[in-house]
Amino acid sequence: MQSDAVVLLGGGNIDILPTCFRPGAAVIHCEPTLESGIAELIVITVKIILSSMVCCKIMEKMYSIQHFSVLKLNLYISDIEISRAQIPKPVNQLAEEVGLLPEELEAYGRSKAKVCLSLLDRLHTQPDGKYVLVAGITPTPLGEGKSTVTIGLVQALSAHLSLNSFACLRQPSQGPTFGVKGGAAGGGYAQVIPMEEFNLHLTGDIHAITAANNLVAAAIDARMLHEATQSDKALFNRLVPSVNGVRKFSPIQFSRLQRLGIDKTNPASLTPEEVTSFVRLDLDPSKITWQRVVDTNDRFLRKITVGQANTEKGQIRETGFDIAVASEIMAILALADSLEDMKNRLARMVVGTSRSGQPVTTEDLGVSGALTVLMKDAIKPTLMQTLEGTPVFVHAGPFANIAHGNSSVLADKLALKLVGRDGFVVTEAGFGADIGMEKFFNIKCRASGLRPNVVVLVATIRALKMHGGGPNVSAGAPLPKEYIDENLSLVAAGCHSNLKKQIQIAHLFGIPVVVALNVFKTDTQAEIDLVCEIAKGCGASDAVPCNHWAQGGRGSIKLAQAVNEAASRPSNFQFLYNIEMPIADKIRTIAQKVYGADDIELSPAAKDKIDYYNQQGYGLLPICMAKTHLSLSHMPDKKGAPTGFVLPIRDVRASIGAGFIYPLVGTMSTMPGLPTRPCFYDIDLDPVTGEITGLF
């Protein structure tokens, strides 16, 4: 009864009842007279069967949640109390439950760990699960709870419906954490835990991006200084030094030689003209596009002057800082599908233009290999868990206005393999569907090759009232009475404008939509019923109220059921535009079909940039619009679904390594500023207990 395989020696007439064997055991009947060759064959056969059984057990364990341990919720008042009341499962236990092998895990303390990319190779033949994107209507400045919906949904799927699920979230930036918004781990009974670790540092990915980004900036200024103060011969002797009497090119320098069309391998064989073109990047100081970054909202770094010390010999120029999550390296981290792909993307990053009009890359600077070294650990997703013990991948956090605002391709791919064919991976897009969702489809899905099954569109009655004509909502200010008292007319107007438009945007891509109404305590039943009724009338597959903030996964069971139902229906995913369309036409398509604009207006600078990118062969890249998240238009105060406007494109820039062109709409800032009373006023540490306060 303990055996996995039983060999019966004695012919086929042995009468042994099936109850004598363990259920599922392999039974092999053999003749009594065996030659040695046949005996060896049986031994090999048994080994194969046993190996197969072991594999089946591993796969069964990997894709089954019958042994998945669910954490029970305890009732507390504040987000931080809720988070601290729950003791997370040890991360090695969580990893074992989701099917990870010990060698695929790199623990960072007790409750979080990096996951090795070798997992993709091991599971490459396994079918993917279902792919769910959480987007939203145009939000108020307070946010409408996409992260809490994402977490509540996976808690409902795994802990209450016994369906394998994974949440894939972005890593929060220190900017909003200490600025206006505060922590981004979810809220109430739909949180990622430990909340403090999620919001602060995590496993250091943003620090790695900051270090890599600023290494590029230092390399740019140093190279410009050395080129300005040295002869060609001196530059060449330093760039290709003689070591023990031998002078040779480094591997990264061969890449530059190839870009220049020089096929020589012996440094001594270069002509003086070739030496000049090799050693002089000849960067135009006025056309350097690379800036330094810091992960803090610091408005006074938006424009700075560098090179003022006497030691820099007059190499003074204006530059500035971006917030770290706006770095192109962050966008690359989110879009790369392997270490090799990330390395190639880092090498392609364009940092500026030479005086002769040629793009200069990080590979030209000789720094791209070092960038890959700095990013070698950051490319691995971080495994965490929800309050109810369901798994979460936290990875990447690109700026949603400037970049594409989605978590990483790698996290999604790993999770889709781990959940199995019938499981769910729920990932989140930044801001409204017109920004995060559109970029998810047109940029991220092009890079990953993945196709979503369902869009969950998050709405709140608060935001719908604002789009229906309600007064302005400001962070830190009390809500006007229109948002506290029942007002069906404002709700209806918001549904028929912004909610309807965002549903239509999702349908442009051929994906079914489930509306998740994130319920607040001030919402009335009549308002809730009205939203669900109108949403279905506007084309949503279903619309359900969600109470995950107050009840955890139990409060999102109806949403989970609606998502499961919608995912079983066929979808007809399609991109919004053909990648071969001219750049201006791709911009116009997004402006007209997604935003509702009549047309676009390109500034002279934008037209010149488009001509330059076409000349350099960048015209086939997708578009990543840099636009306000507070309106479907470029005007933050225009709520609902504005029409009759022309979208102004003041500039067009390129992230060649990340792989997209980003037009600047209106006055977009890549470095936020701190408010009068930032969140850091409330953040503190108890020196006795070591507990952090004020993150929520």
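Here the residue numbering is sequential within each chain, running from 1 through the sequence in written order. Local features in a predicted model are, by the rule used here, given only for residues with pLDDT of at least 70; side-chain atom pairs are given and counted only at 80 or more, and totals for whole chains, interfaces and linings are based on all residues. Note that the side-chain values use all heavy atoms of the structure and ignore hydrogens as well as water.

The name given to the protein chain in an unreviewed UniProt entry is formate--tetrahydrofolate ligase, with Echeneis naucrates as the source organism. Heading Subunit (unreviewed entry) of the UniProt record for the protein chain holds this comment: "Homodimer." UniProt positions are given in the numbering used here, feature names are shortened, and annotations may be inferred rather than shown by experiment. Of the comments in the UniProt record for the protein chain, the one headed Pathway (unreviewed entry) reads "One-carbon metabolism; tetrahydrofolate interconversion."

## Considering the pattern of salt bridges
Salt bridge criterion: a side-chain nitrogen from Lys or Arg within 4 Å of a carboxyl oxygen from Asp or Glu. Applying the stated rule across the entire model yields 29 salt bridges. The salt bridge involving lysine 89 is made with glutamate 97; its shortest N-O contact spans 2.7 Å. Residue exposure (1.4 Å probe, protein chains only): buried if accessible area is under 20% of the type maximum, exposed if over 50%, otherwise partly exposed. By relative accessible area, glutamate 97 is classed as buried at 14%. We note a salt bridge from lysine 380 to glutamate 106, for which the minimum N-O separation is 2.9 Å. Taken as a pair, lysine 380 in the loop between helix H15 (368-374) and strand E18 (382-386) and glutamate 106 in strand E3 (residues 105-107) lie far apart in primary sequence, 274 residues in all. Using a relative accessible area of 14% as the deciding quantity, one classes lysine 380 as buried. Judged by its relative accessible area of 27%, glutamate 106 is partly exposed. Starting at the N terminus, helices and strands are each numbered in turn, a helix being any DSSP run of H or I of at least four residues and a strand any DSSP run of E of at least two.

## What to know about the pairing of strand E21 (residues 454-459)
Looking down a regular strand, the side chains alternate between one sheet face and the other. Across the 6 residues of E21, 6 count as buried, placing the element largely inside the fold. Every second residue of E21 is oriented toward a common face, with Val454, Val456 and Val458 on one face and Val455, Leu457 and Ala459 on the other, all of them buried.

## Side note on the sheet that holds strand E11 (residues 283-288)
In this scheme, strands are said to pair when DSSP sees at least two bridges between them. Pairing within the open sheet is antiparallel, and its 3 strands lie in the order E11-E16-E17. Both outer strands of the open sheet, E11 and strand E17 (359-361), are each paired with one neighbouring strand and no more. Along the sheet, successive strands turn relative to each other by an average axial angle of 50 degrees, direction set aside. Bridge count between strand E16 (residues 350-354) and E17: 3 bridges; the pairing is antiparallel. Between N-to-C directions, angles cover 0 to 180 degrees, with each direction set by a line fitted to C-alpha atoms, over the stretch in contact for helices.

## Overview of helix H12 (residues 328-335)
Counting buried positions along H12 yields 8 of 8 residues, so the element is predominantly enclosed. Of all the residues in H12, the buried ones are Glu328, Ile329, Met330, Ala331, Ile332, Leu333, Ala334 and Leu335. On the buried face of H12, the contacting elements are helix H8 (205-229), helix H13 (339-348), helix H16 (409-419), helix H17 (433-448), strand E25 (646-655) and strand E26 (660-665). Counting of polar contacts relies on pairs of N or O atoms within 3.5 Å, with two restrictions inside protein: one atom must be capable of donating a hydrogen and the other of accepting it, and residues adjacent in sequence are counted only when both atoms are side-chain atoms. For H12, the N-terminal capping position is held by serine 327, with its side-chain oxygen 3.1 Å away from the main-chain nitrogen of isoleucine 329. When checking whether two residues touch, look at their non-hydrogen atoms; a contact exists if any pair is within 4.5 Å.

## Comments concerning the pairing of strand E6 (residues 165-169)
Burial of E6 is extensive: 5 of the 5 residues sit out of reach of the surface. Every second residue of E6 is oriented toward a common face, with Ser165, Ala167 and Leu169 on one face and Phe166 and Cys168 on the other, all of them buried. Direction of pairing for E6 relative to strand E20 (residues 424-428): parallel, over a ladder of 4 bridges. Residue pairing across strands places cysteine 168 opposite threonine 427, the latter belonging to E20. Across 3 bridges, E6 lies against strand E19 (residues 391-394) in parallel orientation. Bridging from a neighbouring strand, alanine 167 pairs with valine 392 of E19.

## What about the packing of H17 against helix H19 (residues 488-508)?
One way to put it is that H17 packs onto H19 with a least axis distance of 10 Å and a crossing angle of 10 degrees. Taken together, the axes of H17 and H19 are roughly parallel relative to one another. Listed contacts from H19 to Ala433, Asp434 and Met437 of H17 are Gln502, Ile505 and Ala506. Along the lines of polarity and charge, the residues of the contact of H17 with H19 split into 4 nonpolar, 1 polar and 1 charged. What sets the label is the angle itself: under 35 degrees gives roughly parallel, over 145 gives roughly antiparallel, 65 to 115 gives roughly perpendicular, and the rest give oblique. Residue polarity follows a fixed list, in which Ala, Val, Leu, Ile, Met, Phe, Trp, Tyr, Cys and Pro are nonpolar, Asp, Glu, Lys and Arg are charged, and the others, Gly among them, are polar.

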